[in-house]
Amino acid sequence: GGSLNSVSNDLGRIRELAVQAGNGILSADDRSIIQDEISALKSSINDSLSNTEFNTIKVFDGFEGNVQTGPNSGQGKEMQIENISLSTLGISGFDVRSDFDINDIDDAIEKVNEARSDLGATSNSLESNIRYNEIARENTLSSRDNAIGDDVEKSIIELRQAQLQQQVQFQVQKFKQDEESNQLNL
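Every residue gets a number counted from 1 within its own chain, in the order that chain's sequence is written. A pLDDT threshold of at least 70 governs which residues receive local features in this predicted model, and a stricter bar of 80 or more applies before side-chain atom pairs are shown or counted, although totals over entire chains, interfaces and linings include all residues. Side-chain measures here rest on the full set of heavy atoms in the structure, leaving out hydrogens and waters.

1. A word on the confidence of the model for the protein chain
In low-pLDDT regions, the fine details of the predicted coordinates are not to be read closely.
Part 1 of the argument: Scored from 0 to 100, pLDDT records how confident the predictor is in each individual residue. Averaged over all residues, the pLDDT of the protein chain is 79; the fraction at 70 or higher stands at 69%.
Part 2 of the argument: Only DSSP runs of H or I with at least four residues qualify as helices, and only runs of E with at least two residues qualify as strands; both kinds are numbered from the N terminus onward. The spread of mean pLDDT over the elements of the protein chain runs between helix α4 (residues 102-185), the lowest at 71, and helix α2 (residues 28-51), the highest at 94.

Structure follows, in C-alpha cells:
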C-alpha cells in the first residue's frame, strides 16, 4: 500500500510537469530541466517498486500464491499481485523533450489506482479471514476452558459430597458409640 501511494504521488507530479512542458512558450532547455525532474521521479518509482519486499519476495515483480491465514490446512487465500514496473505502466520512455502524450501518464495513474484497489481488497479479505480464524480459535479455547472448568467444578462437588458423607458417617458412628456407651452405663 505505502509503495503504491508513493508511486501514485510521483505520477501525479510527473503529470503536473508534463502539463508545464506542454506549454508552447518553453524552450528546449526548459523542457530539459523538466525532464531531469521527471527522470528523477521515474527513478524513485522504479526504486519503490523494485525494493518493496515481503518475506524476501519482491512484491511488484508479480506474485501469485496461497497466503496462509489460519493454523490449519486449507485456511488460506489465493492472492495475486500484477507485475508493476515503469515498462508495464507504459512510461519507461516518457520524455517531454520530444513528442509525448500526457495520456500515457493518465493510463499509468489508472493502472496504479487499480493495483492499489486490488491490493486493498485482497488485504481486507486476508485480514477478514485472519480475524475469523482468530475468533474461531478463541471460541475453541473458550469451550475447552469451559469444559475443563465444568470438570473441575464437578470434581469439587463430588469431593464435597464425599467429605459430607464422611462427616455424616462419622457422626452416625459417634452417635452409635455414645448409645452403646449409654446402654452399658444403664
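Back to the write-up after that little detour.
2. Structural notes on the packing of aromatic side chains
Part 1 of the argument: Ring pairs shown here join Phe, Tyr and Trp side chains whose ring centres sit within 6.5 Å, with only the six-membered ring taken for Trp; geometry is labelled stacked below 30 degrees between planes, edge-to-face above 60, and tilted in between. With the rule as written, the count across this model stands at one aromatic pair.
Part 2 of the argument: Measuring from centroid to centroid gives 5.6 Å for Phe-94 and Phe-100, while their planes differ by 75°, and the two rings are edge-to-face.
Part 3 of the argument: Per-residue accessibility, obtained with a 1.4 Å probe over protein chains only, is compared with the maximum for each type, and a residue is labelled buried under 20%, exposed over 50%, and partly exposed between these values. When its relative accessible area of 5% is taken as the criterion, Phe-94 is described as buried.

3. Details of the side chain of Arg-31
Part 1 of the argument: As for its position among the elements, Arg-31 is in helix α2.
Part 2 of the argument: His residues and chain termini do not enter the charge count, which takes Lys and Arg as positive and Asp and Glu as negative. We define a salt bridge as a contact between a side-chain nitrogen of Lys or Arg and a carboxyl oxygen of Asp or Glu at a distance within 4 Å. The charged side chain of Arg-31 is buried without a salt bridge, its nearest counter-charge being Asp-30 at 6.9 Å.
Part 3 of the argument: Residues are treated as being in contact if the distance between any of their heavy atoms lies within 4.5 Å. Once you skip the residues sitting within four places of it in the chain, Arg-31 turns out to touch Ala-21, Asn-23, Gly-24, Leu-26, Val-96 and Arg-97.

4. Observations concerning the pattern of salt bridges
Part 1 of the argument: Evaluated as defined, the whole model comprises four salt bridges.
Part 2 of the argument: The partner of Asp-95 in a salt bridge is Arg-97, and the shortest N-O contact between them spans 2.8 Å.
Part 3 of the argument: Looking at Asp-95, the relative accessible area reads 18%, which means it is buried.
Part 4 of the argument: Linked by salt bridges that have partners in common, Arg-13, Glu-16 and Glu-37 make up one network.

5. Focus on helix α1 (residues 2-21)
Part 1 of the argument: With 20 residues, α1 extends 29 Å from end C-alpha to end C-alpha; this agrees with the ideal 28 Å at 1.5 Å per step.
Part 2 of the argument: Regarding α1, the residues found buried are Ser-3, Leu-4, Val-7, Ser-8, Asp-10, Leu-11, Ile-14, Leu-17, Ala-18 and Ala-21. Multiply 1.5 Å by the residue count of a helix minus one, and that product is the helix's expected span.

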